[in-house]
Amino acid sequence: MATGPEAARAATGPEVDLGPLGIDGGGHLLIAHALARLPVGSPLTVLGGGPHLPVHLRAWARERGHRVEGNVVIGGDADHRRLAGARRAGATGDVAERAPAAWGLAARGAIVEPGAPPLVGADLDRREEVWTELAPKLYAQAAAGQWDPATAVDWTPPELADEVEVAVVQVMTYLIENEQAALAVPARFIGRIHPHYREVVQFLTTQLADEARHVEVFTRRGRLGGRPFGVSGAGGRASLLTLLDEPEWPTASFLLSVLGEGTFLSLLSFLERHAPDPVTARIAHLALQDEARHVAFAMAHLSEHLRSDPALRYRLAAAVRRRHDALLDTAGLSDHVHDALAILAAGEWSHEAIGRGWTLVGSLQEEMNEARGRRLVRLGFSEHEANELSALHTRNFM
Ligand SMILES: [Fe+2]
Ligand SMILES: [Fe+2]
């Protein structure tokens, strides 16, 4: 038979000793911790806790739905009832087919206590519309691949022939407006993607940061030689505005990232190979690496979307045709840009060099068309349709 303190504890039931800690100093955590280990309705004797314990204990217990008799708390079931109907916001490690608005901003896998208003406006809430298994990996690559324009580039001003520097500045003028479009399009959709698909949101956020850097480096290169910027062609701007008007995420992502940024991979590679100065070559190289990720992400999420909804293919094709029709009366790529690319690639003002630059730009456009066709085939378009759609893509490249 037990004697001494053991026997006393058996007679009075479980206890918790707060020592000098009052309820207002965190003592309630010790009480809640002890109650959580007892069945609902069990008495718990509270010891210590300072001179105000009886008053504070009653107030705290009432608020939490427990009863108090003297210094004994009888645990209620309010906490259990409050979360009884709660569900988890999916599983921590896996994404749901659909993310309800009621999950709101909850972390994936969190217990969602009912009672808060639903998340409004995140209408891209289905896995098939936004998700790709590659999203976590591409986000990690993007986070690791961020570079600082101040240190990643040696900004020593190049010494180029006047005509060549003017051509480089014209190309930069063109690149900047394209980068602004590439920033604005995903920015319009980020707030509409349900945060349950957080790696997609995170990836697109890095994409915005990438485009912001591209705007910066092309601006810095444009100003490096002290020349004013070139022409922003009406046809090019009209073409870019059609991207901003695209109301649906899959079609906007397809037009911008598969067709536009896909075409820019060829352009940036061309600029890296044929730049007349190291600064232009370097920034084209850095932007090219970022753009390859943007294209990879769009190809991945559209491939997965097309697998679950093959009819999406018709919507994508229709978007290309619609955009082409809307731009029928515009010039597409301005002569200013086309000629500047030829002079930039020529690198000097002689008829041999200009002829070479001109041929290179022609080859570039063929290469862009072929690469676009290959990407469309990878998405499941027939060879015939891929060729047709690639030919309808804006002459402005993006
Ligand atoms: Fe970019
Ligand atoms: Fe991009």
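Model, not experiment: these values are computed from the prediction.

Undergrad: How would you sum up the nonpolar core? Please name residues and give values.
TA: Residues Phe254, Leu267 and Leu271 are the most contacted members of the largest nonpolar core, which totals 89 residues. Here this core gathers at least three residues from each of two domains, domain 2 (87-119) and domain 3 (127-392). Beyond its immediate sequence surroundings of up to four residues, Leu267 is in contact with Tyr174, Leu175, Leu341, Leu364, Met368 and Phe397. The next biggest cluster of nonpolar side chains, apart from the first, holds 13 residues, and it includes Ala34, Leu44, Val46 and Trp60.

Undergrad: Lay out the packing of aromatic side chains with the relevant residues and their values.
TA: Inspection of every chain in the model, using the stated rule, returns 6 aromatic pairs. With centroids separated by 5.4 Å and ring planes inclined at 55°, the aromatic side chains of Phe189 and Trp249 adopt a geometry described as tilted. You can see Phe189 sitting in helix H8 (residues 162-190) and its partner Trp249 sitting in helix H11 (residues 249-274), a full 60 residues away along the chain. As far as burial versus exposure is concerned, Phe189 and Trp249 are alike and both buried. Cluster of aromatic residues (ring-pair linked, three or more members): Tyr174, Phe264 and Phe397. For the cation-ring pair, Arg213 lies above Trp147, with the distance from its terminal atom to the ring centre recorded as 4.5 Å. Across from the ring centre of Phe381, 5.7 Å away, lies the NZ or CZ of Arg313, which sits over that ring.

Undergrad: Quick one: what's the story with the coordination of the iron ion (ligand 1), residue by residue and with numbers?
TA: Those donors, Glu179 (OE), Glu211 (OE), His214 (ND1) and Glu291 (OE), are the protein atoms that reach the iron ion (ligand 1), and they lie 1.9 to 2.2 Å from it. With 4 donor atoms in place around the iron ion (ligand 1) and angles of 83 to 156° between them, the coordination shape is irregular. For the iron ion (ligand 1), all donor residues lie on one chain, and their spacing in sequence is E-x31-E-x2-H-x76-E.

Undergrad: Please provide a residue-by-residue account of the coordination of the iron ion (ligand 2), values included.
TA: Metal coordination angles in their ideal form are 109.5 degrees for the four-donor tetrahedron and 90 or 180 degrees for the six-donor octahedron. Protein coordination at the iron ion (ligand 2) comes from Glu211 (OE), Glu261 (OE), Glu291 (OE), Glu291 (OE) and His294 (ND1), with a distance range of 1.9 to 2.7 Å. In this model, the iron ion (ligand 2) sits 3.6 Å from the iron ion (ligand 1), the two metals being bridged by Glu211. Within this pair, whereas Glu261 is found in helix H11, its partner His294 is found in helix H12 (residues 278-308), the two being separated by 33 residues in sequence. Across the pair, exposure class does not vary: Glu261 and His294 are buried alike.

Undergrad: Account for the pairing of strand E2 (residues 43-47), with residues named and values stated.
TA: In terms of strand pairing, strand E1 (residues 15-17) meets E2 through 3 bridges, oriented parallel. By the bridge assignment for E2, Val16 is matched with Val46. Between the parallel elements E1 and E2, the chain passes through helix H2 (residues 27-36) in a crossover that is right-handed. Pairing geometry for E2 and strand E4 (residues 72-74), over 3 bridges, is antiparallel. Pairing of Thr45 across the sheet is with Val72, part of E4.

Undergrad: Summarise helix H16 (residues 383-392); cite the residues concerned and give the values.
TA: Owing to its 3.6 residues per turn, the α-helix aligns residues three or four sequence positions apart on the same side. What H16 keeps buried is the set Ala386, Leu389 and Ser390. Down the axis of H16, the smallest arc covering the buried residues is 100°, so these residues share one side. Among the exposed residues of H16, those pointing more than 90 degrees away from its buried face are His384 and Ala391. Residues of H16 that are buried in the fold lie against helix H13 (312-326) and helix H15 (351-378).

Undergrad: Which residues make up the domain arrangement of the protein, and what are the values?
TA: Assigned domains within the protein: domain 1 (4-81), domain 2 (87-119) and domain 3 (127-392). On a C-alpha basis, the centroid separation for the pair domain 2 and domain 3 is 35 Å. Facing the 15 residues of domain 2 at the interface are 8 residues of domain 3. The junction of domain 2 with domain 3 conceals about 930 Å² of combined surface from both sides, 52% of it contributed by carbon and sulfur atoms. Considering only the surface of domain 2 that becomes buried against domain 3, Val95, Ala99 and Arg108 emerge as the three largest contributors, covering 54% of it. At the boundary of domain 2 with domain 3, the tally comes to 2 salt bridges. Between Asp94 and Arg127 there is a salt bridge whose closest N-O contact spans 4.0 Å. In terms of residue class, the side of domain 2 that touches domain 3 is built from 9 nonpolar, 2 polar and 4 charged.

Undergrad: Could you give an account of the environment of Arg213, with specific residues and numbers?
TA: In this fold, Arg213 is placed in helix H9 (residues 198-224). When its relative accessible area of 8% is taken as the criterion, Arg213 is described as buried. Along the backbone, Arg213 and Pro14 are 199 residues apart, and their C-alpha atoms lie at a distance of 63 Å.

Undergrad: Break down the sheet that holds E1 for me, citing the residues and quoting the values.
TA: Across the sheet, which stays open at both edges, the 4 strands sit in the order E1-E2-E4-E3 with mixed pairing between neighbours. Only two strands of the sheet have a single neighbouring strand rather than two, namely E1 and strand E3 (67-69). Shown here is a sheet whose adjacent strand axes are inclined to one another by a mean of 30°, direction ignored. The strands touched by helix H3 (residues 53-64) are E2, E3 and E4; relative to E3, the strand with the most contacts, the crossing angle is about 155°.

Undergrad: So, the packing of H11 against H13: which residues are in play, and what are the values?
TA: It is at 9 Å that the axes of H11 and H13 come closest, and there the two elements cross at 65°. Put simply, H11 runs roughly perpendicular to H13. In the packing of H11 onto H13, the handedness of the crossing is right-handed. Contacts between H11 and H13 involve Pro250, Thr251, Phe254, Leu255 and Leu259 on the former and, on the latter, Leu312, Arg315, Leu316, Ala319, Val320 and Arg323. When grouped by side-chain class, the residues that make up the contact of H11 with H13 number 8 nonpolar, 1 polar and 2 charged.

Parameters and conventions
Residues numbered from 1 in each chain as written. Chains lettered and ligands numbered in written order. Predicted model: local features only at pLDDT ≥ 70, side-chain atom pairs only at ≥ 80, totals over all residues. Heavy atoms only, no water. Core = buried A, V, L, I, M, F, W, Y, C linked by side-chain atoms within 4.5 Å. Buried < 20%, exposed > 50% of the residue type's maximum accessible area, 1.4 Å probe, protein only. Domains from an automatic or database assignment. Contact = heavy atoms within 4.5 Å. Phe/Tyr/Trp six-rings, centres within 6.5 Å; stacked < 30°, edge-to-face > 60°. Helix = DSSP H or I, 4+ residues; strand = E, 2+ residues; numbered from the N terminus. Lys NZ or Arg CZ within 6 Å of the ring centre and 35° of its normal. Donors = N, O, S within 2.8 Å, 3.2 Å for Na, K, Ca; no water. Tetrahedral: all angles 85-135°; square planar, octahedral: opposite > 155°, others 65-115°. Pairing = 2+ DSSP bridges. Right-handed = clockwise from strand over helix to strand, strands pointing away. Arc of directions from axis to C-beta. Buried area = accessible area lost by both parts, 1.4 Å probe. Salt bridge = Lys/Arg side-chain N within 4 Å of Asp/Glu carboxyl O. Nonpolar A, V, L, I, M, F, W, Y, C, P; charged D, E, K, R; others polar. Axes fitted to C-alpha atoms, helices over the stretch in contact; angles between N-to-C directions. Parallel < 35°, antiparallel > 145°, perpendicular 65-115°, else oblique. Left-handed = near helix turned anticlockwise from the far one by under 90°.

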